[in-house]
Number of protein chains: 2
Amino acid sequence: MADRLASEAEGYRLMTKYGIPVPKYAIARTMEEAEAAADTIGYPVVMKVISAQIVHKSDAGGVVLSITDKTGARKAFAAIMTAAKNHSPAATVDGVIVEQQMGKGLELIIGGRTDPAFGKVITVGLGGTLVELLRDVGTRVLPADTDEIRYMIHELRGYPLIRGFRNEPARDEEEVVRIVAAAARMFVEEVTVTEFDINPLIVYGKGCCAVDARFYVGDTRKPARRRERTEMDEKLLAIRSIAVVGASPDPGKVGYAVVRNLLGFPGNLYPVNPKHGMILGRKAYPSLAALPESVDAAVIAVPARSVARIVAEAGERKIPLVIILSSGFREAGDEGRKMEEELVAIARQTGTRIMGPNCLGLMIPEKGINTTFDPVSARTGTIAFISQSGAIITTIVDWSLPEGIGFSSVISVGNQADMTIEDFARYAGSDPSTRAIILYIEQILDGRRFLDIMREVTVKKPVVAVKAGSSAKGQKAAATHTGSLAGSHEVYMAAFRQAGVIAVDSIRDAFQTAELLASENYPKGIRAVVISNAGGFAVLSSDYAERYCIDLIEFSPALLAELDAVMPANWSRANPIDMVGDSGPDRYARTFDVMIRNQNLWDIAFVIAVPSAISDPIRVANELVRFSKNTRKMIVGCLIGGDSMKTPMRILRDASIPNFPELEDAFRAVGAICRHRCGPDIHECFGTSGK
Amino acid sequence: MADRLASEAEGYRLMTKYGIPVPKYAIARTMEEAEAAADTIGYPVVMKVISAQIVHKSDAGGVVLSITDKTGARKAFAAIMTAAKNHSPAATVDGVIVEQQMGKGLELIIGGRTDPAFGKVITVGLGGTLVELLRDVGTRVLPADTDEIRYMIHELRGYPLIRGFRNEPARDEEEVVRIVAAAARMFVEEVTVTEFDINPLIVYGKGCCAVDARFYVGDTRKPARRRERTEMDEKLLAIRSIAVVGASPDPGKVGYAVVRNLLGFPGNLYPVNPKHGMILGRKAYPSLAALPESVDAAVIAVPARSVARIVAEAGERKIPLVIILSSGFREAGDEGRKMEEELVAIARQTGTRIMGPNCLGLMIPEKGINTTFDPVSARTGTIAFISQSGAIITTIVDWSLPEGIGFSSVISVGNQADMTIEDFARYAGSDPSTRAIILYIEQILDGRRFLDIMREVTVKKPVVAVKAGSSAKGQKAAATHTGSLAGSHEVYMAAFRQAGVIAVDSIRDAFQTAELLASENYPKGIRAVVISNAGGFAVLSSDYAERYCIDLIEFSPALLAELDAVMPANWSRANPIDMVGDSGPDRYARTFDVMIRNQNLWDIAFVIAVPSAISDPIRVANELVRFSKNTRKMIVGCLIGGDSMKTPMRILRDASIPNFPELEDAFRAVGAICRHRCGPDIHECFGTSGK
């Protein structure tokens, strides 16, 4: 059944039920009733025709404003009746609604809609053209508690208009928060309401009033493609034996590359191929049935049409996990979708779990596991990378090797037919080797479940996500790519925020942020000091600090005195500390000592070192490590340069001190995690003034 | 003499003189005059007290609005006189100004002020709190022609309110442009006006009216620290012989490093040091006087106090250029400033030109010139890098070597006592080896001269600038660093825009943009195609294209058919072209052929290649070069990965095809240069819809 627009009276009843203030109003069927109603309500009043057939009341002359007395009331009623009859003779007119006319105030819009992936969401924005112009709105997935609602309101660029700004009087912020929260509760509890729009909510210095609203009712839309999902067994990826179905001696075949990549695997490895006795020096078996033992995982690299049979065999052998590299399923159209659903049905019966299909597989470097056909293998590290794109995994792993970045696990989720991004995120969240999690997401199948699970995960580990498909075209591209349409980007961003997931724009940002989060001494605040041997970069760091809401502290006379004692005469005598170009490692060391003694004054130290004829960057790096070991604060290295900085950078990495070869990246990444913790109230949050 | 606030009448006269519409008004000294004036003007009118002593008229009860008839006019006059007397009995009241009361409309603010570096500037913004809130204003250095003024207005985020937007009616844009241009002309021509403020200018569907304005008059403020500057001789840097004063055999000394770096210099090299006969295997001379010939340049690396004497000696030997590495001048305080001015005075007498002091020197790799004490030397290339920070030069040169970036010249301007950033920019502009110019700027001493010279230069060569010191603290840091206070950041940005200089935020952006500009086939438009072997990056490129205003063209059925012929069944069948993961060099080649045949349809091709088991990136790179050679369009490489992409990247670099290892950077950089050409009208400019 299609949604229908609820009547004004229904709308008012709904709002009243949830304590959303509406103007005094009354329904009047006759002129006498209209006049009486106006008297009781008190002038000025507004009168609107009530008729299911007349949708655009004003166009039909069905609305009269600023009625100031009895006569006006009678005239208005008559006028509306005539106008209505002339406009649409066939319409049944049930009378008029007489309503208190509200004074001017700040106008807010509150809307609710049902998102295909995340279900009911609420949106709030300031009324008025300029905000429409700037799309200044906040969104949250429901349910959302009052803090989230308040946060959403603070996020509005126009928020100062509520808080009070220059000549603008302060508005009743608490009442705004209460009402938006009430509207959210209404939307959640009234299951038949599928969409609504309170526009405007007029906000006064004291109190608010919803003067116009639209509610659509129908059968609640279920989030698209929800499916009962069983939880993933924590031990599922503790793999001690692997079979490779479709193993091949032909170097051109995927089944060759997979076996090759698994030759270093310390557990039992069983190539499966009926046509060969030996593959890459390992005994091959004709089928899973023929294996001497039931393995922990079967990698499947055979044509799509044969996959179902293999999955069934895996079930018979009680193999808990199949990793399906084969493509040609949902991403390839309807027939593929059917085959994919068949796989899931088969696996459900036997309890076998599916990774993929159409995925690259799994890497767990420290366990020697690499079920992909990648040309290279990731090195061991502390970052879990879970990606919906196999190509991005191949690229990132190739890139990570010279960068010296390592992984606890690299997971390609493919079509997520069975196990999804959030399942693997939960695994990474409880994996002791993982310190930070990076997600590359094109589409989340079950938004509610993602939200629930990620809320648990982000309490344990920092999670950074790149969400592709923000643009209209991007969503189209995602569709052709993953065979499914992505939800609206704003809703994803809201869900990330609510789940504690840090959203970033690019893969580089994701790794820089994750490395920062995986490093020692998560920042407790945004009070920063900058120490530099390059004046130019000191100047730039002030710009970047301001841009990314990092607070460069003012130095007290006492601190200045301590620094004067270790500095040349021409140092900057301010924060950023420009130690000037002739600074050697000793000057860094002495400056670090001052900052160690005064570490109660700051939360983050950005240490900039650039190549110079007289400073040995390796010694500077070692002093940096000592600095870090002697504080509980976050130390961020900005060793900027070329080959001369390679060894110093490795020294920092080995001490898990983050380093940024591009200065702006350092401030952006630190700013992102601070802002993530504190959102729009970042300065209040840290009790600093901000710039 | 201090500036004084001009009277309302003076203000109205000024505006009328320049054709800026003002309300009908009249001065009235008596109640009768007031009444008569109101009658002539026509009701409703506004009445304001005229008194030099009463500044805040409203507070003094000196303003009455909405006067609708004779009686009202008389009442208002009486009320104002009484109020004025009560408020400030001592004040002389010259009467009232009676003024036509204007109807509501869109409110604009036009302001003018005098910037220390650039002189008179004009600013325009939309009235109303939200815009104050968002600081939505445009600025231009004066004089500015009508196109610049229109551009400035189009830049406003609130511009659609003028153009007309949703329910907002279109306003009289042409009249707005005309009036802002008139105000600009007024500010330029009326030398005694030092500052003004038209607030608001009310904009109607037809016409505008300036209902309130303030003008300050005084003696025109000269831009700070202007100095007569003689032009730099084009041949000044065509150096065939060099003396190094302060040359030293001590490896710890600057004078040692400089001679070492010059040992590769093919011309005559003369170490100058009274205490040594030989330095690094070269005959040393006791003084410049003792040299066998007059050299083209003398590098000076002796303590500050001795520099003046050397400069004098250089003058006597008719040495055209001295490069003063010594510090301890303006940046070190008043005494230093005096010494610096002394140097300039001496040099002026003899015609010797000064580079520095407090600079790193000069590198012209292809001439074997390196007068710096840098540990490494830049390689030959096509980028001229001119920097106000020596440390940034050292850093960038070190960084450029592994990156394979080369320079036509690297110039450290130091304190700019004589020759300035713009002098060297002009040199680079006419240097045939330079294809793009990068500036690192902390402060411009003479804004007008910078503007004039850069206008010439940017016609010949693309110029990209990083302006440090945008933040309050940044400007403070710049002050301690360069011994001078930077002008306001917004004015710098306006000046860059007007001079055709591309402003970027970071050094990395500067080099990426410059490399793009130095490369073949400057983009003629923003119609782009994306070709990728990685679905994930195809999706991301749609997002980035939208973010940076690049237009991904729709494919016609004909083009789709051509592509279908060379693609696998499961390609994206849309732009971005996802050729899917199993693409080898041949598929790239065939796709390139299709795009070559259809090159009239697009302006830019982004080619994404990521590591894959079956594609050889070296062959892909070679196909890319062939692609580029067979189009007049811009080809942008996005070879993303690690070591496997190093050789392919070099292949592109050698063919001067830009490559971006981080996808977002590619779109940001291309977007920046397109936007630079077309500004806010980027889509109109290229006749595309935009997304």
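No experiment lies behind these values; they were computed from the predicted model shown.

### Things to note about the overall build of chain A
And step 1. Helix and strand content of chain A: 23 helices and 30 strands.
And step 2. With the C-alpha coordinates of chain A rotated into their principal frame, the extents come out at 100 × 80 × 35 Å.
And step 3. Every one of the 691 residues in chain A was classed for burial, and the buried ones make up 62%.
And step 4. Nonlocal contacts in chain A, meaning residues at least 24 apart in sequence, comprise 71% of its contacts between residues at least 6 apart.
And step 5. Of the roughly 25900 Å² that chain A leaves accessible, carbon and sulfur atoms contribute 53%.
And step 6. Of note, chain A has its 80 positive side-chain charges centred 3 Å away from the centre of its 82 negative side-chain charges.

### Quick notes on unusual backbone geometry
And step 1. Cis geometry is found at the peptide bond from Asn199(B) to Pro200(B), where omega equals 5°.
And step 2. Along the polypeptide, Pro200(B) turns up in strand 9 (residues 193-203).
And step 3. Cis rather than trans, the peptide bond between Asn575(B) and Pro576(B) has omega equal to 5°.
And step 4. Mapped onto the elements, Pro576(B) comes out in the loop between helix 18 (557-564) and strand 28 (577-578).
And step 5. With a phi angle near 55°, Gln416(A) is a residue other than glycine that sits in the positive phi range.
And step 6. Along the chain, Gln416(A) turns up in the loop between strand 22 (406-412) and helix 12 (421-430).

### Focus: the nonpolar core
And step 1. Core analysis: the largest hydrophobic core is formed by 112 residues, its most contacted members being Phe606(A) and Phe606(B).
And step 2. Contact partners of Phe606(B), with chain neighbours within four places excluded, come to Ala528(B), Val529(B), Val530(B), Ile531(B), Ile550(B), Val636(B), Cys638(B), Ala666(B), Phe667(B) and Val670(B).
And step 3. If you look at the next biggest cluster of nonpolar residues, it comprises 93 residues, including Tyr12(A), Leu108(A), Ile110(A) and Met152(A).

### Details of the relation of the copies chain B and chain A
And step 1. When chain B is fitted to chain A, the best match, at an RMSD of 0.1 Å, comes from turning it 180° and sliding it 0.1 Å along the axis. What we have between these two chains is a two-fold relation.
And step 2. Most of the interface of chain B is mirrored in chain A, where 100% of its interface residues again form contacts.

### A short note on the domain arrangement of chain A
And step 1. Here chain A is partitioned into domain 1 (24-100), domain 2 (106-217), domain 3 (238-352), domain 4 (359-521) and domain 5 (522-686).
And step 2. Taking only C-alpha atoms, the centre of domain 1 of chain A and the centre of domain 2 of chain A are 29 Å apart.

### Brief notes about the sheet that holds strand 22 of chain A
Residue and element names in this part refer to chain A.
And step 1. In spatial order, the strands read 20-19-22-21-23-24-25; together these 7 strands make up an open sheet with mixed pairing. Bordering the open sheet on either side are strand 20 (369-370) and strand 25 (502-504), each of which pairs with just one other strand.
And step 2. Against the sheet, helix 11 (residues 390-403) engages strand 19 (362-364), strand 21 (379-387), strand 22 and strand 23 (436-441), with an angle of about 165° to strand 22.

### Focus: the pattern of salt bridges
A side chain of one charge can pair with a side chain of the opposite charge if their charged atoms are brought near each other.
All names here are of chain A.
And step 1. In total, this model carries 85 salt bridges over all chains according to the counting rule given.
And step 2. Measuring nitrogen to oxygen at the nearest pair gives 2.1 Å for the salt bridge that ties Glu231 to Arg426. Of the two residues, Glu231 sits in the loop between strand 11 (213-217) and strand 12 (241-245) while Arg426 sits in helix 12, which places them 195 residues apart along the sequence.
And step 3. One connected set of salt bridges, linked through shared partners, spans Glu231, Glu422, Asp423, Arg426, Arg449 and Glu456.

### Here's the deal with the environment of Val64(A)
Residue and element names in this part refer to chain A.
And step 1. Along the polypeptide, Val64 turns up in strand 4 (residues 63-67).
And step 2. Among the residues examined, Val64 registers a relative accessible area of 24% and is labelled partly exposed.
And step 3. If near-sequence neighbours (up to four positions away) are discounted, Val64 is found in contact with Val45, Val46, Met47, Ala76 and Ile80.

### Some remarks on helix 20 (residues 617-629) of chain A
Residue and element names in this part refer to chain A.
And step 1. Between its first and last C-alpha, helix 20 extends 18 Å over 13 residues, near the 18 Å set by a 1.5 Å rise per residue.
And step 2. Turning to helix 20, its buried residues number three or more, namely Pro617, Val620, Ala621, Glu623, Leu624, Val625, Phe627 and Ser628.
And step 3. At its buried positions, helix 20 is contacted by helix 19 (585-597), strand 29 (604-609), strand 30 (634-639) and helix 21 (646-654).
And step 4. Sitting at the head of helix 20, Asp616 places a side-chain oxygen 2.9 Å from the backbone nitrogen of Ile618.

Cut-offs and rules
- Position numbers for residues count from 1 along each chain, tracking the sequence in the order it is written.
- The lettering of chains begins at A and the numbering of ligands begins at 1, in the order of writing.
- Per-residue local features of the predicted model are confined to residues with pLDDT of at least 70, and side-chain atom pairs are confined, for both listing and counting, to 80 or more; whole-chain, interface and lining totals are unaffected and use all residues.
- Only heavy atoms go into the side-chain values, all of them from the structure, while hydrogens and water stay out.
- Every helix listed is a DSSP run of H or I at least four residues long, and every strand listed is a run of E at least two residues long, numbered separately from the N terminus.
- Only protein chains enter the area calculation, which uses a 1.4 Å probe; residues under 20% of their type maximum are buried, those over 50% are exposed, and those in between are partly exposed.
- Contact criterion: two residues are considered in contact whenever any of their non-hydrogen atoms come within 4.5 Å of each other.
- The Shrake-Rupley method, run with a 1.4 Å probe sphere, supplies the accessible areas, and residue values consider only the shown protein chains as cover.
- The charged-residue count follows a simple rule in which Lys and Arg add positive charge and Asp and Glu add negative charge, with His and chain termini not counted at all.
- By convention, charge coordinates are those of NZ in Lys, CZ in Arg, CG in Asp, or CD in Glu.
- The definition of a nonpolar core used throughout is a set of buried Ala, Val, Leu, Ile, Met, Phe, Trp, Tyr and Cys residues joined through side-chain atoms within 4.5 Å.
- Here the copies are superposed with least squares, the fitted atoms being C-alpha atoms of residues at a pLDDT of at least 70 in both.
- The domain boundaries here were taken from an automatic or database domain assignment.
- Pairing between strands requires that DSSP locate at least two bridges from one strand to the other.
- Orientation is described by lines fitted to C-alpha atoms, with helices fitted over the stretch in contact, and by angles between N-to-C directions that extend from 0 to 180 degrees.
- Any Lys or Arg side-chain nitrogen found within 4 Å of a carboxyl oxygen on Asp or Glu counts as a salt bridge.
- One less than the number of residues in a helix, times 1.5 Å, gives the span that helix is expected to have.
- Two N or O atoms form a polar contact when they lie within 3.5 Å of each other; inside protein one atom must be a possible hydrogen donor and the other a possible acceptor, and for residues adjacent in sequence the pair counts only when both atoms belong to side chains.

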